[in-house]
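What follows is each chain in one-letter form.
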Amino acid sequence: MPLLLTQFRHELRKLFARKRTWLGFGAFLAVEVVILALLQLPKVQRSWKFFLERAGYGFDQYFSGITLAFQILIWTVFLLGGLFVALVAGDIVAKEVEDGTLRMTLCRPISRVRLLLIKYATCVLYTFALIFFIGLSALAVATLRQGTGGFFAFQPLQGLFALFDSGPGHARYLASLPLLALSMTSVASIGFMLSCWNMKPAAATIATLTYFIADSIFRSIPYFEDIKQWFLTTHIEAWIHIYRTPIPVEQMIGDYAYLLAVDATLVIIGVLAFQARDFKS
Amino acid sequence: MIRIENLRKTFRGRLALDGVSFEVQRGEIFGLLGHNGAGKSTTFGILLGQVYPDGGEAFIDGISVQRERARALAKVGAIFETPGFFDYMSGWSNLEILAAYSGHVPRAELEEAVRIVGLTGRIHDPVRVYSHGMRQRLALAQALVPMPQAVLLDEPTEGLDPEGIHEMRELIQQLNRERGLTVLLSSHLLAEVQQLCDRVAILNQGKLVFTGRWSELAGDGQRFRLDLDDWAKADALALRIVAPQVIELPAGDDIGEVVRRLVTAGATVRAVEPLRPTLENLYLDLVHRAP
């Protein structure tokens, strides 16, 4: 067991020794600041004020750090989160094959399955680290700018309109982060599975994003409303249910069971494809 | 120590190995020789469990690589094709990471491997600043942790300058001499294999065309280059002409007697030059003679 942990630690070391990994975190911080700045524009604030006051709530009470953090979180994950998770997962095997480092690794007495499981665990950990970083840094920058207050959770595409006091609002926000990370793990699983096949790392990343985007687009077409449950992004959005009152626990359990089953299937397909490959340039 | 039995492999319908078998004895330096595409790397890939054979099996210390890959590879270190490293990390970090896939390797053992290959002063530099020679030495260092019983070196001097080739050769010989390492190396450089190896296997288009010592490859015949005015006379005397202006005599035959018979037959012999068979000649003969 300790050897497995040592190998896992080295896998993380490989990932976090790359400048690109840290540049990614820097990019997220920059995007968060930009979104925060956009949310401060007078025109944007006016529309929020109009919206809140028309519903009978105080703008000054609910236009707070946590409200802005939630908006930043959604937009950052939408704009960049999927891309970075797909990039890391798409690279994790395919890039090593391309660079020849995997050939060096496979000269060692380690089984292919064990190696892949270590790599997949690295993808999952990266996904969680990234989402927690986005969530917590968004909360930090938004709170620094706007201060604390009530939480107005608003996401029209998912029909979310909820208001919380500061304490319960923060609790829901923090609870949503591991759920969002678990949802994004499915994106990582697609990237990982494709990375195990004989393809370039960029192709694995692009194919992952293509699937993710196509799935979102098709799901939003009314014609497919009846088969909405078949789309992965329907279940990926399960994290947002944590903001509903009451929380639809059974539905969330069903969604995450579905996602975990999909993840497990993708990993098994990836492992089988990798297991059957010859490694020789 | 290393044995392969009747290996067969095709890649997309192209035959890469066709019934190749040979054995490497414990403690010897064995060379796998062949031109590019002859099947050397495929053989190494199968020995390392990275390529699945269509038929046949490879064994390391009696353990089947195909059936118990991890156990079989526990006793070997290897360089397979062009070594790839995590260029953004130091040589030391690369060693630590690669060694961890073999188990817990003490720091002292890593330091010893670095010392053996002569990278002590540069091991903490990022690999991206390493020269090609330093990368090859790092590749050898990683093959030595944990200290194996055998090393498989696929073209270990590929791309090195003459000094680098010399250093690598010295290192391999030193490891074999001082630590009793069994070495299986592949190369298309004849001189390198001749200088390093006790025995060789020669592959041509996926087929094994020779296994044995160099002396066995040379055979017993003796060759001479003749400067002769009329080669029809040589034909008439049933001399074996193996190349333009070159004849081969059976062992024990006297070249003086042959010259005398040629002169008697009316030929003018202007010069006779004994030819020591070079490895290149022998190799080319063998490869071109193969069907």
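Residues numbered from 1 in each chain as written. Chains lettered and ligands numbered in written order. Predicted model: local features only at pLDDT ≥ 70, side-chain atom pairs only at ≥ 80, totals over all residues. Heavy atoms only, no water.

1. Focus on the interface of chain A and chain B
Listed per partner, the contact involves 32 residues of chain A and 37 residues of chain B. When the two sides are added together, the surface that chain A and chain B hide from each other amounts to roughly 3100 Å², 54% of it contributed by carbon and sulfur. Three residues stand out in chain A for area buried against chain B, namely Met104(A), Arg108(A) and Pro109(A), and they jointly supply 25% of the buried area on that side. Our count for the contact surface shared by chain A and chain B stands at three salt bridges. The salt bridge involving Glu81(B) is made with Arg103(A); its shortest N-O contact spans 3.3 Å. (Contact = heavy atoms within 4.5 Å. Buried area = accessible area lost by both parts, 1.4 Å probe. Salt bridge = Lys/Arg side-chain N within 4 Å of Asp/Glu carboxyl O.)

2. Focus: the packing of aromatic side chains
Residue and element names in this part refer to chain A. Evaluated as defined, the whole model comprises 31 aromatic pairs over all chains. Ring plane angle 85 degrees and centroid distance 5.9 Å describe the contact between Tyr-57 and Tyr-62, whose orientation is recorded as edge-to-face. Exposure remark for Tyr-57: the relative accessible area of 33% places this residue in the partly exposed category. Residue class for Tyr-62 comes out buried when judged on its relative accessible area of 7%. Centre to centre, the rings of Phe-70 and Trp-239 are 6.4 Å apart; their planes meet at 50 degrees, and the pair counts as tilted. A residue pair is termed long-range when its members are at least 10 positions apart, and Phe-70 in helix 5 (residues 65-99) and Trp-239 in the loop between helix 10 (232-236) and helix 11 (249-275) qualify at 169 residues. Trp-239 sits in the buried class, given a relative accessible area of 7%. Put simply, the rings of Trp-48, Phe-51, Phe-59, Phe-63, Phe-152, Phe-154 and Phe-161 touch in pairs and so form one group of aromatic residues. The ring of Phe-274 has Arg-112 lying over it, and the distance from NZ or CZ to the ring centre is 5.9 Å. (Phe/Tyr/Trp six-rings, centres within 6.5 Å; stacked < 30°, edge-to-face > 60°. Buried < 20%, exposed > 50% of the residue type's maximum accessible area, 1.4 Å probe, protein only. Helix = DSSP H or I, 4+ residues; strand = E, 2+ residues; numbered from the N terminus. Lys NZ or Arg CZ within 6 Å of the ring centre and 35° of its normal.)

3. Brief notes about the sheet that holds strand 3 (residues 29-33) of chain B
Residues and elements named next belong to chain B. Taken in spatial order, the six strands of this open sheet run 6-7-8-3-9-10, and their pairing is mixed. Only two strands of the sheet have a single neighbouring strand rather than two, namely strand 6 (76-79) and strand 10 (207-212). Taken over all neighbouring pairs, the strand axes of this sheet differ in orientation by 15 degrees on average, direction set aside. Inspection of the sheet shows strand 3 paired to strand 9 (residues 199-204) by four bridges, in the parallel sense. (Pairing = 2+ DSSP bridges. Axes fitted to C-alpha atoms, helices over the stretch in contact; angles between N-to-C directions.)

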